[in-house]
Amino acid sequence: MATEQRDVREPALEPELEICDPHHHLWDRPGATYMLDELLDDLGQGHNVVSTVFVECMSGYLQDGPEPLRPVGETPFVDAVAVAAAAREGAPAVAAGIISFADLTLGAAVGEVLDAHIAASPRFRGIRHAAGWDGSADIRNSHTRPPQHLYLDPTFREGFAQLAARDLVFDAWLYHPQILEVAELAEAFADTTIVLDHFGGPLGIGPYTGLGDEVYAVWRRDIEELARRSNIVVKLGGLAMPLNGFDWHHAPEPPTSEELADAQRPYHEACIELFGTDRCMFESNFPVDRVSCSYSVLYNAFKRIAAGSSADEKAALFRTTAETAYRLPGSAARS
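Residues numbered from 1 in each chain as written. Predicted model: local features only at pLDDT ≥ 70, side-chain atom pairs only at ≥ 80, totals over all residues. Heavy atoms only, no water.

Visitor: Quick question: what am I supposed to make of the nonpolar core here?
Guide: When a protein is soluble and globular, its nonpolar side chains tend to lie buried together. Counting 89 residues, the largest nonpolar core has Y151 and F170 as its most contacted members. The element best represented in this core is helix α8 (residues 295–305), accounting for seven residues. Counting residues in hydrophobic clusters, the runner-up holds 13 residues, among them V55, A96, V195 and Y326. (Core = buried A, V, L, I, M, F, W, Y, C linked by side-chain atoms within 4.5 Å. Buried < 20%, exposed > 50% of the residue type's maximum accessible area, 1.4 Å probe, protein only. Helix = DSSP H or I, 4+ residues; strand = E, 2+ residues; numbered from the N terminus.)

Visitor: Looking at this model, I keep getting lost on the packing of helix α5 (residues 179–188) against helix α6 (residues 212–226). Mind explaining?
Guide: Helix-helix packing: each pair is described by the crossing angle between the helix axes and the interaxial distance. Taken N-terminus to C-terminus, the directions of α5 and α6 make an angle of 5 degrees; their axes are 9 Å apart at the nearest point. The orientation of α5 relative to α6 falls into the category roughly parallel. Contact residues: I179, L180, V182 and A183 in α5; W219, D222, I223, E225 and L226 in α6. Residues that form the contact of α5 with α6 fall into these classes: seven nonpolar, no polar and two charged. (Axes fitted to C-alpha atoms, helices over the stretch in contact; angles between N-to-C directions. Parallel < 35°, antiparallel > 145°, perpendicular 65-115°, else oblique. Contact = heavy atoms within 4.5 Å. Nonpolar A, V, L, I, M, F, W, Y, C, P; charged D, E, K, R; others polar.)

Visitor: Can you walk me through α8 in this structure?
Guide: Because an α-helix completes one turn every 3.6 residues, residues spaced three or four positions apart along the sequence face the same direction. Extensive coverage of α8 is indicated by the burial of ten of its eleven residues. Along α8, the residues that are buried comprise Y295, S296, V297, L298, Y299, N300, A301, F302, K303 and I305.

Visitor: Quick question: what am I supposed to make of the sheet that holds strand β7 (residues 169–172) here?
Guide: In sheet architecture, strand pairing relies on hydrogen bonds along the backbone and comes in two forms, parallel and antiparallel. Within the open sheet, the eight strands sit side by side as β1-β4-β5-β6-β7-β8-β9-β10. Their pairing is parallel. Here the strands that pair on one side only, and so sit at the sheet edges, are β1 (18–24) and β10 (280–282). When the angles between neighbouring strand axes are averaged without regard to direction, this sheet yields 30 degrees. The pairing of strand β8 (residues 194–196) with strand β9 (residues 232–236) spans three bridges and is classified as parallel. Within β9, the residue paired with I194 across the bridge is I232. (Pairing = 2+ DSSP bridges.)

Visitor: Is there a simple way to think about α5 in this case?
Guide: Inspection of α5 places I179, E181, V182, A183, L185 and A186 among the buried residues, and these make up the whole buried set. Lining the buried residues of α5 we find α4 (154–160), β7, β8, α6 and β9.

Visitor: What's the story with the packing of aromatic side chains in this structure? I'm lost.
Guide: What the rule picks out here adds up to 19 aromatic pairs. Ring centres of Y216 and Y267 lie 5.1 Å apart, and the angle between their planes is 85 degrees; this geometry places the pair in the edge-to-face category. Of this pair, Y216 sits in helix α6 while Y267 sits in helix α7 (residues 257–275), placing them 51 residues apart in sequence. Assessed through its relative accessible area of 22%, Y216 is described here as partly exposed. Summarising the aromatic geometry, the rings of F246 and W248 are spaced 4.6 Å apart at their centres and angled 5 degrees between planes, so their arrangement reads as stacked. (Phe/Tyr/Trp six-rings, centres within 6.5 Å; stacked < 30°, edge-to-face > 60°.)

Quick look at the structure:
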């Protein structure tokens with residue numbers, strides 16, 4: 001995962017607008033560090049970020065013990081960062097929600113892993129088990145090394161069934177040809193909130209290179225079907241990754257917020273139309289997306305896209321949808 005950044009910044013538009021950033025990572029790896037200081041530098045670029053949600057990225061795993069329980073190390077790893085942020089005057093509520101990993105292909109036995117995550121932090125809210133798979137060698141499959149059709153697998157679904165009883169959220173990360181598999185999963189588990197990451201991963205590399213209009217048409221058709229499942233919530237963001245094919249990371253100059261907004265607007269507007277603002281939330285996907293732009297530019301692009309929305313709609317898109325979906329402190333009164 002890239003941590004390089006294109007640090008051209010813009011003054012924040014609507015700097016008073018409160019934001020919950022529902023998707024960022026933290027890691028401390030040789031040659032690639034994105035921890036509290038780096039995160040706070042991004043969050044402090046003029047936008048009013050009041051809280052965040054961490055999403056799994058294989059950080060802090062336990063180095064010994066039973067293999068299925070090793071991912072539980074990520075939850076206390078992130079919880080410690082949240083505690084450190086809370087001790088800093090004026091800092092936002094970093095990692096107010098934590099989405100970690102548990103291998104749902106363990107079937108019903110994954111309940112032990114989920115309970116260990118719950119015991120590790122009061123901030124734990126659910127898991128992500130990524131399913132991104134494509135038959136092309138030019139497209140890297142998800143870090144969880146999923147098989148094709150993971151979300152349709154009966155044993156995976158036995159594990160998935162353990163989430164609802166614990167009131168846990170599921171984040172789905174996949175590529176756009178798999179969106180209808182998420183729809184089937186949501187249909188089968190209507191009592192579980194499923195958060196679709198990064199618009200469902202529209203691809204623009206490998207065999208999808210140069211096929212932006214065709215990819216959008218397929219994505220739009222399938223996302224319309226997905227929107228019929230009321231337990232689906234969508235994250236609006238993650239389109240600045242290289243796999244989406246916009247190639248901003250190769251441009252001589254990083255994109256402005258106007259350029260980002262213009263390029264991404266069809267995806268944003270389709271989701272807001274189909275799901276409504278109470279089921280959509282803007283996300284940064286940092287530090288992954290900063291390979292293309294800075295935090296200030298990215299959130300300015302979101303604000304340009306939402307410029308015609310009402311105050312209540314903006315509140316939902318930028319904060320309250322995320323807080324409600326992830327059961328963050330203070331969200332109960334709004335849900």
